[in-house]
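Remarks on the overall topology
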Amino acid sequence: MLWTSWLVLLLCWGATSGEQQADESDGTPAKARADPPRQRSPPPVEPLDFGFVPAAVYDTHAYYEPGPIGILFHMVHAFLYAIQPNPFPKDMIVKVIQQNMGGIKIEEWRKPDNVVLLLQWIYYEVGFLTCATIGITFVVLIPIIGMCFCVCRCCENCGGEMHQRQRKNADCQRGFYTASLVATSIFITLGVLIAYAANHNVTTQIKSTRRLINTNMRDLKTFANNTPAQVQYLTAQYTTAKNKVLSDLDNIGPLLGGRIHSQLEKEVVPSLDTALRMAGAMRETKEALENVSSSLEVLQEGTAKLQASLSGERASLSNTLSDPACTNGAVSHTCNTIRSTLSQLGINADFSELPDVSHALANINTVLKTDLSNIVQKGYSSFNDTPKLVHEQTKNIVSGVKGMLDKVGTEINSFSKMFPVEASLVNFTNFLNQGQKNIESYYPQVDQLDFYRWIGCVAALCMVVLVLAFNTLGLLCGACGYDKQATPTTRGCLSNTGGNLLMAGVGFSFIFAWVLMAIVTTLFVVGGNVEKLICEPLANRQLFKIIDTPFLVHPAKKNFLPGMLFQNPNIDLTLGSLYRDCHENNGLYHSLQLETMFNINSFLNRTVYNKDLAKVFESVQVDLQDIMLLEQAGRDNLMNFANSGVGEIDYEAYLAEVNKGVTLVDLLSFSTDLEAQADQLPRGALENALKGHASSIRQIHRDQVVPMLQAMSTLSQSIKQLQRMSNDLPVKVTNILSAIDAAEYLITHNASHVVKRETKGYTQSLEGYFKQYTEWVKNSLTAEVAQCKPISNIVDSMEIVACSFIVDSVNTFWFGLGGCCILLIPSIIFSVKLAKYYRRMDTEDVFEE
């Protein structure tokens, strides 16, 4: 685990437990750090793009697919499961380790607890013990049986007598023994092929082991070389957050001032808008007064002229009706009727008595000499200069904050350079290179040992092949040389040779079978238990649970791994969690829980956004007392407008005269009626005179009444407009001034809470950039920096090499060889029986007729 310690050193930059204690002493309780409840949601913080941490590309693919030989592996696994179906005895192993921590003593096994554990272990191993007992019995009995069989045959017993009794079913028996021996030999051959394939697979996979070693070493170097660059990238990205903060500080006017402006404009802008509308009302009032004055002058002059014209026309028409022709009885009625309407030719409205508006107009002209719109626009401009005012008043604070940020960046960079990362990297790389050289130096020895192993396994298989060769040659010679017509004593040489070869195979079977079974039994006990107690638990990670059992190594040390790495066994770090995190390619900082040694978040919070920086932001103050919404001249102008006399005009008198008609009767209707009555008279001078008067009346209407009607319409509209604008004019002006006073009071006296609130929101947005950076660093350390996939790859590679390459192949080897050993027993029986039919006998049965 030395290399792991180097990795910890490399990532932590040499952090010590003293730094951790300092960090804890500087930290504040969580409750004290908690922010008070916010009355208003903070403005959204713009997300920052920190880019991607340089990723390490690892070459090792810790996955093994055995191919066709995997079928044999599955057969062996099924056989082992049939022998040992019990689950992995985790609790029993833990108890054995804990109760024998000081060493195994014979007298300790007499204790009841140990006796129970022993019985449990025997029950768990009952399948292996049974098979091992059978194997040992085979090893012991086969030489004894072989020796007894040999002695027995030497005494011409056990088939040793060279005499064969004649039986009617001899051919049937010979065929049965031949077929059985052929089948047995075929199965033995399959067993030999299985064992040879397993033996050859070990040699083949040992070569693949070198590739796994090389890729794992290369991944560790990549891990070591890439980690400092990743850490450097993390520290360099502080510049991203710092530049964003600096950008916001440079734009503190639009950002902070704009927020303050937007909050105050709800009260300020409406008051200025009403003042600006009042300035427009002044100009409209002047236009209306001018219209009233001009219209009144036109109407007064027109009334006098119209009065004179109508009086002259009435007198002329009266003289015309005094004509003697009107005394005629038929005409007199019409003349009398016309004479009765002469009184209607007169004016109705009298504008001469209406009051003059020149005094009010003069006052309005005096008021308009002051440009109220320009004064109000100055108020707008003064209020809109809030961002500029904020920028001017915070110059010193902004420059101070910039200096502090540069200092923080320098501290972070100097901290990363404080530790001998390069020297540690060189040492670790040299350690890996030296380790790889040491491993590669053993390659020739490994190849030599593997060659000897391969020779030994082939030699063991050759023993079986020798038996198979005798069986095969015996079957061929016996079958080819057998003659049905020959008697047992007259059998040919070839047939006799076949029988002798079969008996030679029997002899070699007795000689080799017990040796092979001893090999099989030994490999079975070792390989089977390694598979069940190591490989299978390692594959399903049950083995980690044993190692991670609390207080397994020492009663006072809770966890084994952190006690070995950090001398702190109370850290909740287990081998299983480390493997799981590394298998998911998480960062080593998270996987080894290095925050218990060096809390990077506390360091960043203490350094990136420190108390001094927070105090500087809290000291931001903005004074808005210099803002003036309405100058005194504007106020006086409004008051003068209210007192201009516009409200004192007798609008009712004006409206009363305007609502009257210009004349008592419509002159057009009067002239039309006059022409109609003239048409009733006989043709003559009287008729023509009356029609002439009708035409004159029309001319009076067209030249005098129509202009007066237009002037009356203008006067009516202007009077109504003035009446509407002057209604409660002093009250309106007072309300405008009160609203402006209230807005100015808000700015000068009550805006401090708005400034504080918006300043807090602004500083929270700046703090949010640092929080994004610290959160990004935390997430990057968890998932992207120093990704420890090589550690899990080493464990997986060890599992592949030890279990898939070696143990599975060894188990398959004894599986095939064991089958051959078992099948040698029926091979011996069938060979002995069949040899009787091929060998030349010394005597035979003779039947006399």
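Residues numbered from 1 in each chain as written. Predicted model: local features only at pLDDT ≥ 70, side-chain atom pairs only at ≥ 80, totals over all residues. Heavy atoms only, no water.

1. Overview of the overall build of the protein chain
Formally: The numbering of helices and of strands both runs from the N terminus, where a helix is a DSSP run of H or I of at least 4 residues and a strand a run of E of at least 2. Only protein chains enter the accessibility calculation, which uses a 1.4 Å probe. A residue is then buried if its area is under 20% of the maximum for its type, exposed if over 50%, and partly exposed in between. Working rule for contacts: check all heavy atoms of both residues, and any pair within 4.5 Å makes them a contact. Method for areas: the Shrake-Rupley scheme with a 1.4 Å probe, in which residue coverage is limited to the protein chains shown.
If you tally the helices and strands in the protein chain, you get 31 helices and two strands. Looking at the protein chain as a whole, 45% of its 849 residues qualify as buried. Taking the intrachain contacts of the protein chain between residues at least 6 apart in sequence as the baseline, contacts between residues at least 24 apart amount to 90%. As displayed, the protein chain offers around 43,100 Å² of accessible surface, 58% of which is attributable to carbon and sulfur atoms.

2. As for the environment of Asn-413
For Asn-413, the location among the structural elements is in helix H15 (residues 395-418). By relative accessible area, Asn-413 is classed as partly exposed at 32%. Along the backbone, Asn-413 and Ala-236 are 177 residues apart, and their C-alpha atoms lie at a distance of 7.9 Å.

3. Quick look at the side chain of Thr-184
Topologically, Thr-184 is positioned in helix H8 (residues 170-236). Overall, Thr-184 belongs to the buried group, its relative accessible area being 7%. Discounting residues that sit within four places of it in the chain, Thr-184 has contacts with Leu-823, Pro-826, Ser-827 and Phe-830.

4. What to know about the nonpolar core
What counts is decided by this rule: By convention a nonpolar core is built from buried Ala, Val, Leu, Ile, Met, Phe, Trp, Tyr and Cys residues, the set being connected through side-chain atoms within 4.5 Å.
Ranked by size, the top nonpolar core spans 119 residues in total, and within it Leu-249, Leu-289, Tyr-654 and Leu-690 carry the most contacts. Ranked by the residues each element gives to this core, the list is headed by helix H10 (residues 252-321), at 19 residues. Counting residues in hydrophobic clusters, the runner-up holds 45 residues, among them Ile-188, Ala-460, Phe-512 and Phe-830.

5. Some thoughts on the packing of helix H4 (residues 69-83) against helix H31 (residues 789-838)
This is how the line gets drawn: In this description, a line fitted to the C-alpha atoms serves as the axis of each element, helices being fitted only across the stretch in contact, and the angle between N-to-C directions of two axes falls anywhere from 0 to 180 degrees. In these notes the angle categories are as follows: under 35 degrees is roughly parallel, over 145 is roughly antiparallel, 65 to 115 is roughly perpendicular, and the rest is oblique. Asp, Glu, Lys and Arg are counted as charged, while Ala, Val, Leu, Ile, Met, Phe, Trp, Tyr, Cys and Pro are counted as nonpolar; the rest, among them Gly, fall into the polar class.
Where H4 contacts H31, the axes come no closer than 9 Å and their chain directions differ by 75 degrees. The angle between H4 and H31 falls in the class roughly perpendicular. Between H4 and H31, the contacting residues are Leu-72, Phe-73, Met-75, Val-76, His-77, Phe-79 and Leu-80 on the first element and Ser-804, Asp-808, Ser-809, Asn-811, Thr-812, Trp-814 and Phe-815 on the second. Counted by class, the contact of H4 with H31 contains eight nonpolar, five polar and one charged residues.

6. Details of the state of the cysteines
Note on terminology: a disulfide is the covalent bond linking the sulfur atoms of two cysteines. Test applied: When two cysteine sulfur atoms lie within 2.5 Å, the pair is treated as a disulfide.
Following the criterion strictly, the structure yields two disulfides and no others. Note on cysteine connectivity: Cys-535 is disulfide-linked to Cys-803, with sulfurs 2.1 Å apart. Because the sign of the S-S torsion sets the handedness, a value of about -95 degrees for the bond joining Cys-535 and Cys-803 places this disulfide among the left-handed ones. Of this pair, Cys-535 sits in helix H18 (residues 493-539) while Cys-803 sits in helix H31, and the two are 268 residues apart along the sequence.

7. Section: helix H21 (residues 575-583)
Taken as a whole, H21 has its buried residues at Gly-576, Ser-577, Leu-578, Tyr-579, Asp-581 and Cys-582. On its buried face, H21 is in contact with helix H19 (542-547), helix H20 (560-566), helix H22 (588-591) and H31. Following H21 by one or two positions, Asn-585 has its phi on the positive side, about 60 degrees.

8. Some words on the packing of helix H17 (residues 443-481) against H18
Put simply, the test is: By convention, the crossing between two helices is left-handed when the near helix turns anticlockwise from the far helix through less than a right angle, and right-handed when the turn is clockwise.
Running from N to C, H17 and H18 point in directions that differ by 160 degrees, and their axes come no closer than 8 Å. Judged on the interaxial angle alone, H18 and H17 are roughly antiparallel. Note on packing geometry: the crossing formed by H17 with H18 is left-handed. Among the residues forming the contact of H17 with H18, the class breakdown is 18 nonpolar, eight polar and no charged.

9. A look at the packing of aromatic side chains
The cut-off we apply is this: The pairing test for Phe, Tyr and Trp rings, Trp by its six-membered ring, is centres within 6.5 Å, and the orientation test on the planes gives stacked under 30 degrees, edge-to-face over 60, and tilted for anything in between.
Considering all chains together, one arrives at 21 aromatic pairs under this definition. Ring geometry for Tyr-238 and Tyr-773: centres 5.9 Å apart, planes at 65 degrees, overall edge-to-face. With Tyr-238 in helix H9 (residues 238-250) and Tyr-773 in helix H30 (residues 752-783), the pair connects residues that are 535 residues apart, well separated along the chain. Each member of the pair, Tyr-238 as well as Tyr-773, carries the same accessibility label: buried.

10. Some points on the environment of Ala-198
Within the secondary structure layout, Ala-198 lies in helix H8. A relative accessible area of 1% places Ala-198 in the buried class. As for Ala-198 and Phe-813, which are separated by 615 residues in sequence, their C-alpha atoms are 5.3 Å apart.

11. With respect to the pattern of salt bridges
The cut-off we apply is this: Every case where a carboxyl oxygen of Asp or Glu lies within 4 Å of a side-chain nitrogen of Lys or Arg is listed as a salt bridge.
Per the stated rule, a full pass over the model turns up nine salt bridges. For Glu-799, the salt bridge goes to Arg-541, with nearest N and O atoms at 3.5 Å. A residue pair is termed long-range when its members are at least 10 positions apart, and Glu-799 in helix H31 and Arg-541 in the loop between H18 and H19 qualify at 258 residues. Given the relative accessible area of 15%, Glu-799 is considered buried. Under the relative-accessibility criterion, Arg-541 is labelled partly exposed at 23%. Here the salt bridges share partners, and the residues they tie into one network are Glu-46, Lys-244 and Asp-248.

12. Some thoughts on the side chain of Asn-586
Here Asn-586 shows up in the loop between H21 and H22. Of the residues examined, Asn-586 reaches a relative accessible area of 14% and is grouped as buried.

13. Some remarks on the confidence of the model for the protein chain
Defined as follows: One confidence number per residue, pLDDT, is output by the predictor and ranges from 0 to 100.
Mean pLDDT over the protein chain works out to 78, with 82% of the residues at or above the 70 mark. The spread of mean pLDDT over the elements of the protein chain runs between helix H3 (residues 30-33), the lowest at 34, and H4, the highest at 93. Scored below 50 in pLDDT, residues 1-40 makes 65 contacts in the model with residues more than four places away or belonging to other chains.

14. Brief notes about unusual backbone geometry
Even without being a glycine, Arg-541 presents a positive backbone phi close to 65 degrees. Within the chain, Asn-585 stands out as a residue other than glycine whose phi angle is a positive 60 degrees. Structurally, the position occupied by Asn-585 is in the loop between H21 and H22. With a relative accessible area of 22%, Asn-585 lands in the partly exposed category.

15. Things to note about a nonpolar patch on the surface
Selection criterion: Residues enter a patch when their relative accessible area is above 30% and they make no salt bridge; the linking distance is 9 Å between like charges and 5 Å between nonpolar side chains (Val, Leu, Ile, Met, Phe, Trp, Tyr).
The grouping of Val-115, Leu-118, Leu-119, Ile-122 and Leu-129 at the surface amounts to a nonpolar patch, some 400 Å² of accessible area in total. Relative to the helices and strands, Leu-118 resides in helix H6 (residues 112-124). Here Leu-118 falls in the partly exposed class, since its relative accessible area comes to 40%.

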